[in-house]
Amino acid sequence: MWSTKNREEPLSEAKPCIISKWVVYEAYKRVKANKGAAGVDEESISDFEINLEDNLYKIWNRMSSGSYFPPPVRAVDIDKKGGGQRRLGVPAVSDRIAQMVAKIYFEPEVECYFHPDSYGYRPKKSAIEAIGVTRQRCWRNAWVLDLDIKSFFDEIDHEFLMRAVRKHTDCKWLLLYIERWLKAPIQLKGGTLVSRDKGSPQGSVISPLLANLFLHYGFDEWMRRHYSTISFERYADDIIVHCRSEKQARFILAMIEKRLSECKLELNAAKTKIVYCKESKRQGNYQEIKFDFLGYTFRPRLSKGKGDSFFVNFSPAVSAEASKSIRQTIRDWRIHRMSDKSIDDLSKMFNSVIRGWINYYGCYYKSALYPIFEQLNRILTKWAMRKYKRFRHSKAKARKWLGRIALRQPHLFAHWQFGAKPTAGR
């Protein structure tokens, strides 16, 4: 089996590209864990596993011999939160494994050089860490630049990117395959192939690493060299820059626009803005006093101080768009129609998702989640009314019954444990 005997197997010097079979197997395990849809060949992970060893051998053999050519990437258009559509690229399963092989080899070569305030798609970095740092810096600096790069993944310049890749590796097979992946055509829904001379498809395994490398030199290093006293947080192409004054913010914005232009990128003027981080100790009225970052909205919020005093604090909470998405997911579950399930069944079915929301959006200003979970409790009440005849015409009785269960089993649902328990009369 690839999982055991090949880990210690010596690398074959007969192949022009030295690639470990164990790394290919490790790449397969990571791709499987990430799940994902089928590519242009319509082969799923399950289909790939029917003849697993032969399929893994083919990937290793072609990559090791220098003869691996990626198939086209399947285009999938999804709706953007702010309107319009975003095009994702879905590589075939075998191609995702090949890209993961390259990532396993290449990531350690560049990771140690990345900026500490680059948080996206990196080992031991997270979005919630970026939120916490942003919160602290908004308290120290009164102004924020909320930057939105227009169609970043579609506009990445291949020449600029390959220059950055060559700076960190002289491995011929890595350079060869990264360039081939960048140039692999997109296959549209009707089967039409579209060639590419720029961009790196969102949805591919290697794209996040390449995007980070591009913006490491295009933005992070440039900021460090020229404006080292100005702090920022970057999660892929989402960037927040902290400034001491409105004047400084306008100056830095102009400089960033110029720098991005040199990298053949531009800011989305409609979405890029200068924000005043208004709180109790800061005077002045300005039009923009909030911004969204990684599913959180930062804005002035009323907070309780010592005793019965209150003050305005600039802080994050789950954004309206994230809240809307969570509510829609809860509706899509159609729990009220699952009268064949027990309440224990429902908790097992949905607790992992609910816990994920709590673990992320419950880190700051957790009370903003309570109205969302109250909706879930109302749906559970509706489920009880359909399941049990004695509650069919009495929402109040169904609600009281649910409340008694929450008192008796407060850990049954993750949101009950979080503090959003159902109570009678609500």
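Bear in mind that the values here come from a model prediction, so they are computed numbers and not experimental data.

Visitor: Honestly, the confidence of the model for the chain in this entry has me stumped. Any pointers?
Guide: Low-confidence regions, as indicated by low pLDDT, have predicted coordinates that should not be scrutinised in detail. Averaged over all residues, the pLDDT of the chain is 92; the fraction at 70 or higher stands at 95%. Every residue in residues 4-8 scores below 50 in pLDDT, and together they form 4 contacts with partners more than four places removed in sequence or on other chains.

Visitor: Help me understand the side chain of Gln-375 in this model?
Guide: When you line up the elements, Gln-375 lands in helix α13 (residues 370-387). Those residues in contact with Gln-375 that sit more than four places away from it in its chain are Arg-327, Ile-330 and Arg-331.

Visitor: Help me understand the packing of helix α11 (residues 320-333) against α13, please; the structure alone is not making it clear to me.
Guide: Two numbers describe a pair of packed helices, the interaxial angle and the distance between the axes. The contact between α11 and α13 brings their axes to 10 Å, and the two run at 10 degrees. As summarised for this structure, α11 and α13 are arranged roughly parallel, according to the angle between their axes. Between α11 and α13, the contacting residues are Ser-323, Ile-326, Arg-327, Ile-330 and Arg-331 on the first element and Pro-371, Ile-372, Gln-375, Leu-376 and Ile-379 on the second. Grouping the constituent residues of the contact of α11 with α13 by class yields 6 nonpolar, 2 polar and 2 charged.

Visitor: Would you explain the pattern of salt bridges in this entry?
Guide: Side-chain pairing between opposite charges can occur once the charged atoms of the two side chains come close. One pass over the structure, following the stated rule, counts 18 salt bridges. The partner of Asp-220 in a salt bridge is Arg-234, and the shortest N-O contact between them spans 2.8 Å. Taken together, the positions of Asp-220 in helix α9 (residues 207-226) and Arg-234 in strand β6 (residues 232-235) put the pair 14 residues apart, joining distant regions of the chain. As far as the burial class goes, Asp-220 and Arg-234 line up, both buried.

Visitor: So what exactly am I meant to see when it comes to empty space enclosed by the protein here?
Guide: One pass over the full model with this rule turns up 1 cavity of 30 Å³ or more. For the largest cavity, the full set of lining residues is Val-73, Asp-95, Gln-99, Trp-181, Leu-182, Ala-184, Ser-200, Pro-201, Ser-204, Ile-206 and Leu-210. Looking at the lining of the largest cavity, the elements that each hand over two or more residues are α4 (93-111) and α8 (172-183). When grouped by side-chain class, the residues that make up the lining of the largest cavity number 7 nonpolar, 3 polar and 1 charged.

Visitor: How should the packing of aromatic side chains be read in this particular structure?
Guide: Note on aromatic pairs: each is described by the distance of the centres and the angle between the planes. Overall, the coordinates contain 34 aromatic pairs when judged by the stated rule. Measuring from centroid to centroid gives 6.1 Å for Tyr-296 and Tyr-364, while their planes differ by 75 degrees, and the two rings are edge-to-face. Linking Tyr-296 in strand β10 (residues 296-304) with Tyr-364 in the loop between α12 (343-361) and α13, this pair joins segments that are 68 residues apart in sequence. Accessibility expressed as a relative area gives 17% for Tyr-364, which makes it buried. Seen in terms of ring centroids, Tyr-388 and Phe-391 are 6.0 Å apart; in terms of plane orientation they differ by 80 degrees. Their pairing is edge-to-face.

Visitor: Sorry, what's going on with the layout of surface pockets here?
Guide: Taking a probe equal in size to a water molecule and rolling it over the atoms shows the remaining empty space. Of the voids in this model, the second largest pocket is the one considered here, and its volume is about 260 Å³. In this structure, the second largest pocket is lined by 14 residues; those nearest its centre are Asp-41, Glu-43, Ile-59, Arg-62 and Ser-94. Element by element, the count of residues in the lining of the second largest pocket is highest for helix α3 (residues 52-65), at 4 residues. Broken down by class, the residue content of the lining of the second largest pocket amounts to 7 nonpolar, 3 polar and 4 charged.

Visitor: Quick question: what am I supposed to make of the packing of α3 against α4 here?
Guide: Contact pair α3 / α4: the axes reach a minimum separation of 10 Å and the direction vectors enclose 50 degrees. By the angle between their directions, the pair α3 and α4 is classed as oblique. Crossing geometry of α3 relative to α4 is assigned as right-handed. Note on element contacts: α4 touches α3 through Ser-94, Ile-97, Ala-98 and Val-101, opposite Leu-56, Ile-59 and Met-63.

Visitor: Whenever I open this one, the sheet that holds strand β9 (residues 291-293) confuses me. Can you help?
Guide: Backbone hydrogen bonds are what pair the strands of a sheet, in a parallel or an antiparallel way. The antiparallel open sheet is built from 3 strands, whose spatial order is β9-β10-β11. Both outer strands of the open sheet, β9 and β11 (310-318), are each paired with one neighbouring strand and no more. Averaged over all pairs of adjacent strands, the angle between strand axes in this sheet comes to 50 degrees, irrespective of strand direction. With 3 bridges joining them, β9 and β10 adopt antiparallel strand pairing. Within β10, the position partnered with Phe-291 by the bridge is Phe-298. Here helix α5 (residues 127-140) sits on the sheet and contacts β9, β10 and β11; the angle it forms with β10, its principal contact strand, is near 55 degrees.

Visitor: In this structure, what is going on with a positive patch on the surface? I would like to understand it.
Guide: Judged by side-chain charge, Arg-334, Arg-337, Lys-382, Arg-386, Lys-389, Arg-392 and Lys-395 come together as a positively charged surface patch. Of note, Lys-382 is situated in helix α13. For Lys-382, a relative accessible area of 45% translates into the label partly exposed.

Visitor: Can you walk me through unusual backbone geometry in this structure?
Guide: Working note: non-glycine residues mostly have negative phi, and peptide bonds are mostly trans. The backbone phi angle of Lys-124 is positive, close to 65 degrees, even though this residue is not glycine. Along the chain, Lys-124 turns up in the loop between α4 and α5. Taking relative accessible area as the criterion, Lys-124 reaches 83% and is therefore assigned exposed. Positive phi, close to 65 degrees, is recorded for Lys-264, a residue that is not glycine. Locating Lys-264 in the fold gives a position in the loop between α10 (246-262) and β8 (273-276).

Visitor: How should the pairing of strand β1 (residues 73-79) be read in this particular structure?
Guide: Side chains on a regular strand alternate between the two faces of the sheet. Direction of pairing for β1 relative to strand β4 (residues 186-187): parallel, over a ladder of 2 bridges. By the bridge assignment for β4, Arg-74 is matched with Gln-187. In this structure, β1 lies alongside strand β2 (residues 85-90), joined through 6 bridges in antiparallel fashion. Counted as the bridge partner of Ala-75 is Gly-89 from β2.

Visitor: Help me understand helix α1 (residues 21-34), please; the structure alone is not making it clear to me.
Guide: The α-helix advances 3.6 residues per turn, and as a result positions three or four apart in sequence lie on the same side. For α1, with 14 residues, the first-to-last C-alpha span of 20 Å sits near the 20 Å given by 1.5 Å per residue. When α1 is considered as a whole, its buried residues turn out to be Lys-21, Val-23, Val-24, Tyr-25, Glu-26, Ala-27, Tyr-28 and Val-31. As for α1, its buried residues are in contact with α2 (45-50), α3 and α4. In this structure Ser-20 caps α1, since a side-chain oxygen of it lies 3.1 Å from the backbone nitrogen of Trp-22. Trailing α1 by a residue or two, Lys-35 shows a phi angle of about 60 degrees, which is positive.

Reading guide: rules and limits
- Residues numbered from 1 in each chain as written.
- Predicted model: local features only at pLDDT ≥ 70, side-chain atom pairs only at ≥ 80, totals over all residues.
- Heavy atoms only, no water.
- pLDDT = per-residue confidence, 0-100.
- Contact = heavy atoms within 4.5 Å.
- Helix = DSSP H or I, 4+ residues; strand = E, 2+ residues; numbered from the N terminus.
- Axes fitted to C-alpha atoms, helices over the stretch in contact; angles between N-to-C directions.
- Parallel < 35°, antiparallel > 145°, perpendicular 65-115°, else oblique.
- Nonpolar A, V, L, I, M, F, W, Y, C, P; charged D, E, K, R; others polar.
- Salt bridge = Lys/Arg side-chain N within 4 Å of Asp/Glu carboxyl O.
- Buried < 20%, exposed > 50% of the residue type's maximum accessible area, 1.4 Å probe, protein only.
- 1 Å grid on protein atoms, 1.4 Å probe; cavity = no way out; pocket = protein on both sides within 12 Å on 5 of 7 lines; lining within 4 Å.
- Points joined across faces, edges and corners; volume = space filled by probe spheres on them.
- Phe/Tyr/Trp six-rings, centres within 6.5 Å; stacked < 30°, edge-to-face > 60°.
- Left-handed = near helix turned anticlockwise from the far one by under 90°.
- Pairing = 2+ DSSP bridges.
- Patch = residues over 30% accessible without salt bridge, like charges linked within 9 Å, V, L, I, M, F, W, Y side chains within 5 Å.
- Areas by Shrake-Rupley, 256 points an atom, 1.4 Å probe, with all protein chains shown as cover.
- Lys, Arg positive; Asp, Glu negative; His and termini not counted.
- Charge placed at Lys NZ, Arg CZ, Asp CG, Glu CD.
- Expected span 1.5 Å × (residues − 1).
- Polar contact = N/O pair within 3.5 Å; in protein donor to acceptor, adjacent residues only side chain to side chain.

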